[in-house]
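# A closer look at the structure
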Amino acid sequence: MFLNNFLYTLLPVVIVKTACLTLGRQITRNNMKYLGSKNRIAKEILPLMLKHRNNKTWVEPFVGGCNIINKVKGDRIGADSNEYLISLLKELQKGWKPIKDVTKDLFNDVRKNPDKYEKHIVAYIEILFTFGATWGRGFVGNVNDKVCKGRDRIGEGYRNALKTQKEIKGIKFIHSNYQDLEIPENSLIYCDPPYENTTGYKDDFNHLDFWQWCRNKAKEGHKVFISEYNAPGDFKCIWEKELKTPISKNSKVNKINSEKLFMYE
Ligand SMILES: C[S@@+](CC[C@H](N)C(=O)[O-])C[C@H]1O[C@@H](n2cnc3c(N)ncnc32)[C@H](O)[C@@H]1O
């Protein structure tokens, strides 16, 4: 009787709790404001990838605001083609103290004369103090803007950088195009590239080349996962969720997109 109860009721609970604890230990919290951030879906997609991790190095060729990699532990490589962003992440790791009270004058000067400033400062201003964390957009501290009324967005940007600083210890950051990135053998690669038919990043992105690169990496023995709305038919969708996103840069109207996680085997 006791054995039956244990097998059918307690044992499944023990197994699920142990699995959650094991995966949970690999997950920590926090986020940096970033265009295309995966922070809000991290909890759902991470366990699906972490179960394939074993001791593999976690590699993100499109690391952006580190909103996935900061929740993973162990050996990690975060790369991005934006050298200003990588410079900011490296400086934060070295203990750089973010500028606390970013003023509109400083923002405008950095925008007009980026060459006058070190790369990490340009990234700090253009990512953490622009609307939607979008390079080239307006200053979040513009008091005439209704969107920011009553919100301490300057303080948020600063505190965001401080939180990120704590969360990115131990990650190896590399400035690289994804195609040139050297990846250790038998890694787990999570790709969060610029999505097809969306805008916001500086460089053009060839999606056909990208999908082929993923196939090649999987054939080399890596586990390859990709966040996108759509993928070619030979990629398997392993997770999907409908999410609201603004219809355009300045719009308050939302559209529903089906966020997906793909795997190539
Ligand atoms: C959607 S964002 C990543 C967001 C990140 N996963 C997060 O949650 O914060 C995509 C990133 O890809 C980078 N990127 C664009 N083209 C690239 C390329 N050819 N090689 C490497 N990175 C690239 C962009 O600079 C951007 O940081």
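Residues numbered from 1 in each chain as written. Predicted model: local features only at pLDDT ≥ 70, side-chain atom pairs only at ≥ 80, totals over all residues.

Once that is clear, we can look at helix α2 (residues 42-50). I45, L46, M49 and L50 are the residues of α2 that are buried. Viewed end-on, α2 has its buried residues packed into an arc of 130°, placing them on one side of the element. (Buried ≥ 20, exposed ≤ 12 C-beta atoms within 10 Å, placed from the backbone. Helix = DSSP H or I, 4+ residues; strand = E, 2+ residues; numbered from the N terminus. Arc of directions from axis to C-beta.)

With that settled, the discussion passes to the environment of R40. Take R40: it is sitting in the loop between α1 (2-25) and α2. Since 12 C-beta atoms lie within 10 Å of it, R40 is described here as exposed. In the structure, R40 is positioned 27 residues away from N67 in sequence and 8.9 Å away in space, judged by C-alpha atoms.

Here we take up the site of the ligand. The full set close to the ligand counts 22 residues, and G36, F62, G64, G65 and N67 are the nearest of them. Looking at the shell around the ligand residue by residue, the class counts come to 10 nonpolar, 8 polar and 4 charged. (Near = placed C-beta within 6 Å. Nonpolar A, V, L, I, M, F, W, Y, C, P; charged D, E, K, R; others polar.)

What follows concerns the nonpolar core. Counting residues in each nonpolar core, the largest one holds 55 residues, and the members touching the most others are L89, Y124, F225 and I226. Sorting elements by how many residues they give to this core places helix α5 (residues 119-128) first, with 7 residues. Those residues in contact with I226, other than ones at most four positions away along the chain, are C191, C214, A231, F235 and F262. (Core = buried A, V, L, I, M, F, W, Y, C linked by C-beta atoms within 7 Å. Contact = placed C-beta atoms within 7 Å.)

So, about the packing of helix α3 (residues 83-94) against α5. Viewed as axis vectors pointing N to C, α3 and α5 meet at an angle of 105°, and their least axial separation amounts to 7 Å. The angle between α3 and α5 places the two elements in the roughly perpendicular class. Contacts from E83, Y84, L85, S87, L88 and E91 in α3 reach K119, H120, V122, A123, Y124 and I127 in α5. Residue classes in the contact of α3 with α5 are distributed as 7 nonpolar, 2 polar and 3 charged. (Axes fitted to C-alpha atoms, helices over the stretch in contact; angles between N-to-C directions. Parallel < 35°, antiparallel > 145°, perpendicular 65-115°, else oblique.)

With respect to the secondary-structure elements, V224 resides in strand β5 (residues 223-228). V224 sits 10 residues away from C214 along the chain, and the two C-alpha atoms are 6.7 Å apart. When sequence neighbours within four positions are dropped, the list of residues in contact with V224 reads I189, C214, K217, A218, M263 and Y264.

Overall, the predicted model of the protein chain reaches an average pLDDT of 86, with 80% of residues at or above 70. Low pLDDT (under 50) marks residues 13-30, which in the prediction has 14 contacts with non-local residues, meaning those over four places away or in another chain. (pLDDT = per-residue confidence, 0-100.)

Another aspect to go through is the pairing of β5. Within a regular beta strand, the side chains point alternately toward one face of the sheet and then the other, so they alternate between its two faces. With respect to burial, β5 is a largely interior element, 6 of its 6 residues being buried. Alternating positions in β5 separate into two faces, K223, F225 and S227 on one and V224, I226 and E228 on the other, with burial throughout. Where strand β4 (residues 188-191) lies against β5, 4 bridges are found, and the strand directions are parallel. Bridged to I189 within β5 is V224. Where β5 and strand β7 (residues 254-264) come together, 5 bridges link them in antiparallel fashion. The residue of β7 that forms the bridge with E228 is K260. (Pairing = 2+ DSSP bridges.)

Take unusual backbone geometry next. A positive phi angle, near 50°, is found at N54, a position not held by glycine. On the secondary structure map, N54 appears in the loop between α2 and β1 (58-60). Although it is not a glycine, A133 sits at a positive phi angle of roughly 50°. Along the chain, A133 turns up in the loop between α5 and α6 (153-167). Using a count of 22 C-beta atoms within 10 Å as the deciding quantity, one classes A133 as buried.

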